[in-house]
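# Close look at the chain arrangement
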Amino acid sequence: MHVTSPAFKANAARALADTGLQKALSRSGPSAHAKRSRAVAALPEFERLRETGRDIKNHTLANLDFYLEAYAAKVEAAGGHVHWCSTAEEARAAVLEICRKAGARTVTKGKSMISEELGINDHLEANGIEPVETDLGEYILQLRKEPPSHIIGPAFHLNREDWEDTFRKSHIDLPFDRSFAQRRDILEEARGRLRARFLAADVGITGANFLIAETGSSVIVTNEGNGDLTQTLPRVHIALASIEKVVPTLEDCTSLLRLLARSATGQDFSVYTTFSTGVRRQGDLDGPEEYHVVLVDNGRSNMVGTEFQDMLRCIRCAACMNHCPVYGVTGGHAYGWVYPGPMGSVLTPALVGVDKAGHLPNASTFCGRCESVCPVKIPLPKLMRHWREREFERHLTPPTQRRALRLWAWLARRPEAYRLAMRLGIGALARFGRGKGAFTKLPGAGGWTEGRDLPAPEPGGTFMDRYQRQQRGRRA
Amino acid sequence: MSREAILGGIRRGLKRGELPADQQAMLRHRLESHPRHLIPARSRLPHDGQVALFIARVEAEFGTVERVPDAAQVPAALMDYLAGQNLGPRFVMAPHPELEGLPWADHPLLMVERRRAEGTDQVSLQHGYAGIAETGTLMLPAAPGRPTTLNLLPETEVVVLHADRVVGAYEEAWDLLRAENRDALTGGFMPRNVMLVTGPSRSADIEQTLELGAHGPRRLHVILVG
């Protein structure tokens, strides 16, 4: 997928001016908060489970090589194949090769963010194989040739009129004046279109929420049932998964599942949580005859052992973006790659480079809501700060900002000079602001005062001045 | 090869080589003993309470439940359900011995087909392996007598579940499977597919508003026996 993260500022400005997007965001954000809060309130153990979730993932990451090998051995014992792929290119080639060997003409797909990361659809299409997205949200995005804007609700940015419009333009064999009086009519039409595609597909590609070392299973979690149809009906099932998806046992997976749906959609449990282990068994009346796992690194092993290792705990619930004030106004597309919101602001620089994605970790006020809702307690603001540090170290920050940061660092390390500078600055502001109460404009801070006023400091000096006076007064 | 490159990259990051044998043995023991973590108090109830919780949770997730005192009443309960929903008498049934053994002959109006499901089937009758009270979840492991397509293709899925197969937490259902299921291919207990099903299919992709019946069944009905 083409990276437009370097244009984040322009993307964000465009998003703010997009009335349709703003309508969608203002509808969806608050309802996502309320749903999660209700589900969390109904499970008193939720906070303790977050600690369990964090510990399970940390244990796994500390022994990731062992668990991946144990997992792969179990997959192979169940008649499956594991394709280890270091890069996106290798993964695309592996998927194409499996599809070609299967003589595939059409491939159905369950929703998968790793598939977006790898660019599977474009690669299949370029090689004469038709990919069909079957998740309702992904389906309409494929019709509209748009990327997802949210990791669990890919069509988060669309309104009902967009759905109607797209379906009328795309399903041209149906009467143009048909009614979409209810949302259910949209759903019915998609169900009808996709049923035939499910039955005709030669290969089904899904992602994986978890891989289980104990049993060699890949796990998908869906509400629609499209992922299950995708992995059950075709002769060949391919599961795409990145290396950090592995967990040791069913019990570990179960504990994380208790966190996942509650954090993601506010459900206690998703409708379909399905564990796939190898190929159709003797006597089974359905299920795939071939089972392939394309196990993808694509930059993740480089994060192991660094300050960004915590990010590999992520279970892709989207709670961080649902609760992010920045995502809440820019939407997902502005972030410019596959993963938006706070988790994207940490992961994208790691996977595509901080030189391209440096704006993302800077577009945060560090309000901390993301960390407070993260089911595996990833310290997202801290990790974004680490990216800012790396950016500074690598001289990627603009010169003015660098000079300002240097000046601030020099002052911050010299308390006397810092206090003097504050005394001068605040004294000047207090003098100029006398009688005004607030500044609507300030030289050098036009960007800041454009949206709000700066309250003028009250007379009486800096905090330290006042504090010292008070202390002297007490002693006297 | 990429396998070595990936494992090597991870080990470099962790600043160690392959784990020493004693640590590998410890991790293998963790896999074999699969220790449980915190289990929410919600399902820590006597069995009657677990069954009541199971029913309440299925209904909260837009499923329906009917309780019959013994298995012989399942065909009549199914017939009444189909009539009540304005559905025809034709259905596809999981070829499971427990379902085969029911008195279908007493209900000649019902049209039973014993096979996997196809795209045009309207109603399926599935054998329930276990019920999980915690969230009203059905455990449906694939088997020759329990085809997966029955959970997916028909518009209406009816599941026959014995009340004594209702457990509290997911972990207890996994332990049932571990104890009872032998997989000939792997020698383990996992079949090709285990579905945990909580209510009928749904989607909230259109304006984050819930609609039932996305790609899977739009109705999920449980006939609870005993």
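Residues numbered from 1 in each chain as written. Chains lettered and ligands numbered in written order. Predicted model: local features only at pLDDT ≥ 70, side-chain atom pairs only at ≥ 80, totals over all residues.

A word on the overall build of chain B. Of the regular secondary structure elements, chain B holds six helices and twelve strands. A principal-axis box enclosing the C-alpha atoms of chain B has dimensions of 70 × 40 × 40 Å. Each of the 226 residues in chain B was classed as buried or not, and the buried ones make up 46%. (Helix = DSSP H or I, 4+ residues; strand = E, 2+ residues; numbered from the N terminus. Buried ≥ 20, exposed ≤ 12 C-beta atoms within 10 Å, placed from the backbone.)

Before going further, it helps to spend a moment on the overall build of chain A. On a plain count of helices and strands, chain A comes out with 23 helices and twelve strands. Taken over the C-alpha atoms alone, chain A extends approximately 95 × 60 × 45 Å along its principal axes. Out of the 476 residues in chain A, the part that is buried amounts to 50%. Intrachain contacts of chain A at a sequence separation of at least 6 include 75% that bridge at least 24 residues. (Contact = placed C-beta atoms within 7 Å.)

Here eight strands make up an open sheet; going across it, the order is 8(A)-5(A)-6(A)-9(A)-9(B)-6(B)-5(B)-8(B) and the pairing mixed. Either end of the sheet is taken by a strand with one partner, and the two such strands are strand 8 (246-247) of chain A together with strand 8 (166-167) of chain B. Pairing analysis gives four bridges linking strand 6 (residues 137-141) of chain B to strand 9 (residues 193-197) of chain B, with the strands arranged antiparallel. Note that in strand 9 of chain B the partner of leucine 140 of chain B across the bridge is methionine 195 of chain B. Its contacts with the sheet place helix 12 (residues 250-264) of chain A against strand 5 (210-212), strand 6 (217-222), strand 8 and strand 9 (272-276) of chain A, and it is angled at close to 165° to strand 5 of chain A. (Pairing = 2+ DSSP bridges. Axes fitted to C-alpha atoms, helices over the stretch in contact; angles between N-to-C directions.)

A word on the sheet that holds strand 1 (residues 64-68) of chain B. Residue and element names in this part refer to chain B. What the six strands build is an open sheet, ordered 1-12-7-4-2-3; its pairing is parallel. Two strands close off the open sheet at either side, each with one partner strand: strand 1 and strand 3 (111-114). Adjacent strand axes in the sheet meet at a mean angle of 25°, parallel and antiparallel pairs treated alike. In this structure, strand 2 (residues 90-93) lies alongside strand 4 (residues 123-127), joined through two bridges in parallel fashion.

All right, on to the interface of chain B and chain A then. Listed per partner, the contact involves 64 residues of chain B and 83 residues of chain A. Mapped by element, the contributors of at least two residues to the side of chain B that touches chain A are helix 1 (2-14), helix 2 (21-33), helix 6 (170-180), strand 9 and strand 10 (202-203) of chain B. Here the element with the most residues in the side of chain B that touches chain A is helix 1 of chain B; it accounts for ten residues. When its residues are assigned to classes, the side of chain B that touches chain A shows 28 nonpolar, 22 polar and 14 charged. (Nonpolar A, V, L, I, M, F, W, Y, C, P; charged D, E, K, R; others polar.)

With that settled, consider the pairing of strand 7 (residues 236-242) of chain A. All names here are of chain A. For strand 7, the tally of buried residues reaches seven of seven residues, placing the bulk of the element in the interior. Side-chain alternation along strand 7 places Val236, Ile238, Leu240 and Ser242 on one buried face and His237, Ala239 and Ala241 on a second face that is also buried. Two strands pair when backbone bridges link them, and strand 4 (residues 203-206) and strand 7 are joined in this way by four bridges, in the parallel orientation. Directly across from glycine 204, in strand 7, lies its bridge partner histidine 237. Sheet analysis places strand 7 next to strand 10 (residues 290-296), joined by seven bridges and oriented parallel. Residue valine 236 lies in a different strand from strand 10, and its bridge partner there is glutamate 290.

Side chains of residues three or four places apart in an α-helix project in the same direction, reflecting 3.6 residues per turn. For helix 20 (residues 399-412) of chain A, built from 14 residues, the straight-helix expectation of 20 Å at 1.5 Å per residue is met to within 8% by its first-to-last C-alpha distance of 20 Å. With respect to burial, helix 20 of chain A is a largely exposed element, only zero of its 14 residues being buried. (Expected span 1.5 Å × (residues − 1).)

A few words now on the domain arrangement of chain A. Residues and elements named next belong to chain A. Domain annotation for chain A reports domain 1 (1-42 + 324-397), domain 2 (49-298) and domain 3 (416-475). Each of domain 1 and domain 2 was reduced to a C-alpha centroid, and the two centroids are 24 Å apart. Residue contributions to the side of domain 1 that touches domain 2 peak at ten residues, all from helix 2 (residues 19-41). Along the lines of polarity and charge, the residues of the side of domain 1 that touches domain 2 split into twelve nonpolar, five polar and five charged. (Domains from an automatic or database assignment.)

This paragraph deals with the packing of helix 4 (residues 64-77) of chain A against helix 1 of chain B. Their axes nearest at 9 Å, the elements helix 4 of chain A and helix 1 of chain B cross at an angle of 155°. As judged from the angle between their axes, helix 4 of chain A and helix 1 of chain B are roughly antiparallel. Facing helix 4 of chain A, whose interface residues are Leu64, Asp65 and Leu68 of chain A, helix 1 of chain B presents Leu7, Ile10 and Arg11 of chain B. Split into classes, the residues belonging to the contact of helix 4 of chain A with helix 1 of chain B amount to four nonpolar, no polar and two charged. (Parallel < 35°, antiparallel > 145°, perpendicular 65-115°, else oblique.)

So, about the confidence of the model for chain B. Per-residue pLDDT for chain B has a mean of 97; in total, 100% of the residues score no lower than 70. Across the interface, the model reports ipTM at 0.98; the global pTM reads 0.93. (pLDDT = per-residue confidence, 0-100.)

Okay, the packing of helix 8 (residues 136-144) of chain A against helix 9 (residues 160-170) of chain A next. All names here are of chain A. Look at helix 8 against helix 9: their axes get within 10 Å of each other, and the N-to-C directions meet at 60°. Looking at the two axes, helix 8 sits oblique to helix 9. Our pair here, helix 8 against helix 9, has a crossing hand that is left-handed. Mapping the contact onto sequence places Ile140, Leu143 and Arg144 in helix 8 and Trp163, Thr166 and Ser170 in helix 9. Partitioned by chemical class, the residues of the contact of helix 8 with helix 9 number three nonpolar, two polar and one charged. (Left-handed = near helix turned anticlockwise from the far one by under 90°.)

We now examine the environment of lysine 382 of chain A. Residue and element names in this part refer to chain A. Locating lysine 382 in the fold gives a position in helix 19 (residues 380-393). Here lysine 382 falls in the partly exposed class, since 14 other C-beta atoms lie within 10 Å of it. For lysine 382 and phenylalanine 308, which are 74 residues apart along the polypeptide, the C-alpha to C-alpha distance reads 9.6 Å.

Before going further, it helps to spend a moment on helix 1 of chain B. Here helix 1 of chain B is 13 residues long and its end C-alpha atoms lie 18 Å apart, about the 18 Å a rise of 1.5 Å per residue gives. Every buried residue of helix 1 of chain B is listed here: Ile6, Leu7, Gly9 and Ile10 of chain B. Axial view of helix 1 of chain B: buried residues confined to an arc of 155°, hence all on one face. Those residues of helix 1 of chain B hidden inside the fold are in contact with helix 4 and strand 1 (81-85) of chain A. The positive-phi residue at the C-terminal boundary of helix 1 of chain B is lysine 15 of chain B, with phi of around 55°. (Arc of directions from axis to C-beta.)

In this section: unusual backbone geometry. A positive phi angle is found at histidine 395 of chain A, which is not glycine, with a value near 60°. Looking at where histidine 395 of chain A falls in the secondary structure, it is placed in the loop between helix 19 and helix 20. The phi angle at histidine 34 of chain B is positive, at roughly 30°, despite the residue not being glycine. With respect to the secondary-structure elements, histidine 34 of chain B resides in the loop between helix 2 and helix 3 (47-60).

With that out of the way, let us pick up the nonpolar core. By size, the foremost hydrophobic cluster in this structure holds 179 residues, and its most contacted members are Val294 and Val296 of chain A. Not counting residues within four places of it along the chain, the set of residues in contact with valine 294 of chain A comprises His83, Cys85, Ala91, Ala94, Val95, Ile238 and Leu240 of chain A. (Core = buried A, V, L, I, M, F, W, Y, C linked by C-beta atoms within 7 Å.)

All names here are of chain A. With respect to the element layout, alanine 430 can be found in helix 21 (residues 415-432). The class of alanine 430 is partly exposed, set by 16 C-beta atoms lying within 10 Å. Considering only alpha carbons, one finds alanine 430 and valine 107, 323 residues apart in sequence, at a separation of 68 Å.

Glancing now at the pairing of strand 7 (residues 156-162) of chain B. Residues and elements named next belong to chain B. The element strand 7 is largely enclosed, with a buried count of six among its seven residues. Where strand 4 lies against strand 7, five bridges are found, and the strand directions are parallel. If you follow leucine 125 over to strand 7, its bridge partner there is valine 158. Sheet analysis places strand 7 next to strand 12 (residues 219-225), joined by seven bridges and oriented parallel. Along strand 12, the bridge assignment pairs histidine 162 with valine 225.

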